[in-house]
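If you want the building blocks of each chain, they are given just below.
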Amino acid sequence: MELTWYDLHHSELSVHQLYDILALRNRVFIVEQQCAYEDIDGQDLARDNRHIFALGEGRLLTCARLLAPVDDNGPVTIGRVIVTSEARGLRLGYRLMEQVMVSCQQNWPDRQQALSAQAHLQAFYMRLGFKPVGDIYLEDNIPHIAMVK
């Protein structure tokens, strides 16, 4: 499947792109994972935050959000990493994270990258060079682990 990748500052997102991203996050994180939480947290359109996503056959298939460092020493925070249920098994998670890491290096060179991974995905992120920090904890009743690269 041919994909069209986007790496956009939040100010470059069209209304339709933002709507599709938020709808996908709602479908996966809230409905599919049965986790009621406030996904729209004020960060999608803040500071120099970015959105990485790919369209295939005209549909949003994968996305992630990059939160710009909050200070001169802070990390880039990677979050809201999703592959749609219909695209799982196509290795899009790896391709998405490759795009994420390129964006991090281009926009925030040599900054540490941090994420809060669902614990069952720890091995996936470790294969990408992330290392766990601390113990597994509950976030919205889902086991997570902090990881850095």
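Thresholds applied
- Residues numbered from 1 in each chain as written.
- Predicted model: local features only at pLDDT ≥ 70, side-chain atom pairs only at ≥ 80, totals over all residues.
- Heavy atoms only, no water.
- UniProt positions renumbered as here; feature names shortened; annotations may be inferred.
- Helix = DSSP H or I, 4+ residues; strand = E, 2+ residues; numbered from the N terminus.
- Rg over C-alpha atoms; globule rule 2.2 N^0.38 Å.
- Areas by Shrake-Rupley, 256 points an atom, 1.4 Å probe, with all protein chains shown as cover.
- Lys, Arg positive; Asp, Glu negative; His and termini not counted.
- Charge placed at Lys NZ, Arg CZ, Asp CG, Glu CD.
- Phe/Tyr/Trp six-rings, centres within 6.5 Å; stacked < 30°, edge-to-face > 60°.
- Buried < 20%, exposed > 50% of the residue type's maximum accessible area, 1.4 Å probe, protein only.
- Expected span 1.5 Å × (residues − 1).
- Contact = heavy atoms within 4.5 Å.
- Core = buried A, V, L, I, M, F, W, Y, C linked by side-chain atoms within 4.5 Å.
- Pairing = 2+ DSSP bridges.
- Axes fitted to C-alpha atoms, helices over the stretch in contact; angles between N-to-C directions.

The name given to the protein in an unreviewed UniProt entry is Protein ElaA, and the organism recorded there is Mixta tenebrionis. UniProt, in the comment section headed Sequence similarities (unreviewed entry), describes the protein in these words: "Belongs to the UPF0039 (ElaA) family."

Colleague: I'd like a rundown of the overall build of the protein, residues and numbers included.
Modeller: Of the regular secondary structure elements, the protein holds three helices and seven strands. Ordered by position in the sequence, the α and β elements of the protein form the string β-α-β-β-β-α-β-α-β-β. Expected size for 149 residues packed as a compact globule is a radius of gyration near 15 Å; at 15 Å, the protein falls within 12% of this value. For the C-alpha atoms alone, the extent of the protein along its principal axes is close to 40 × 35 × 30 Å. For the protein, the accessible surface area stands at approximately 8300 Å², while carbon and sulfur atoms represent 51% of it. Between the averaged position of the 14 positive side-chain charges in the protein and that of its 19 negative side-chain charges there is a distance of 5 Å.

Colleague: Quick rundown of the packing of aromatic side chains? Include the residues and the values.
Modeller: For the structure shown, the criterion picks out four aromatic pairs. Centroid distance Phe 124 to Tyr 125: 4.9 Å. Interplanar angle 75 degrees. Geometry classified as edge-to-face. The pair formed by Phe 124 and Tyr 125 is uniform in burial state, with each residue classed as buried. Here the aromatic cluster, defined as three or more aromatic residues joined through ring pairs, consists of Tyr 94, Phe 124, Tyr 125 and Phe 130.

Colleague: Please provide a residue-by-residue account of helix α1 (residues 15-32), values included.
Modeller: Between its terminal C-alpha atoms α1 stretches 24 Å, which fits the 26 Å expected from 18 residues at 1.5 Å a residue. Listed in full, the buried residues belonging to α1 are Gln 17, Leu 18, Ile 21, Leu 24, Arg 25, Val 28 and Phe 29. Packing partners of the buried residues in α1 comprise β1 (3-9), β2 (50-56), β3 (59-67), β4 (76-83) and β5 (113-118).

Colleague: Run through the nonpolar core, naming residues and quoting values.
Modeller: In this structure, Met 97, Val 100, Tyr 125 and Phe 130 are the most contacted members of the largest nonpolar core, which totals 21 residues. Those elements that provide at least two residues to this core are β3, β4, α2 (92-107), β5, α3 (122-127) and β7 (142-148). Among the elements that line this core, the one with the most residues is α2, at six residues. Apart from the residues lying within four places of it in its own chain, the contact partners of Met 97 are Ile 78, Val 81, Leu 115, Phe 124, Tyr 125, Leu 128 and Phe 130. Counting residues in hydrophobic clusters, the runner-up holds 11 residues, among them Leu 24, Phe 53, Leu 60 and Cys 63.

Colleague: Before we move on, could you go through the sheet that holds strand β6 (residues 131-139) and cite the residues and values that matter?
Modeller: Overall, mixed pairing links the seven strands, which are arranged β1-β2-β3-β4-β5-β7-β6 in an open sheet. Strands at the two margins of the open sheet, each flanked by one partner only, are β1 and β6. For this sheet, the mean angle separating the axes of adjacent strands, direction not counted, is 20 degrees. Pairing of β5 with β7, which is carried by five bridges, proceeds in the antiparallel orientation. Within β7, the residue paired with Ala 117 across the bridge is Ile 145. The sheet strands contacting α1 are β1, β2, β3, β4 and β5, and the helix crosses β4 at an angle near 75 degrees.

Colleague: Mind laying out unusual backbone geometry, listing which residues take part and the relevant values?
Modeller: Non-glycine residue Glu 57 carries a positive phi angle of around 55 degrees. Checked against the element boundaries, Glu 57 lands in the loop between β2 and β3. The backbone phi angle of Arg 91 is positive, close to 65 degrees, even though this residue is not glycine. For Arg 91, the position within the fold is in the loop between β4 and α2.

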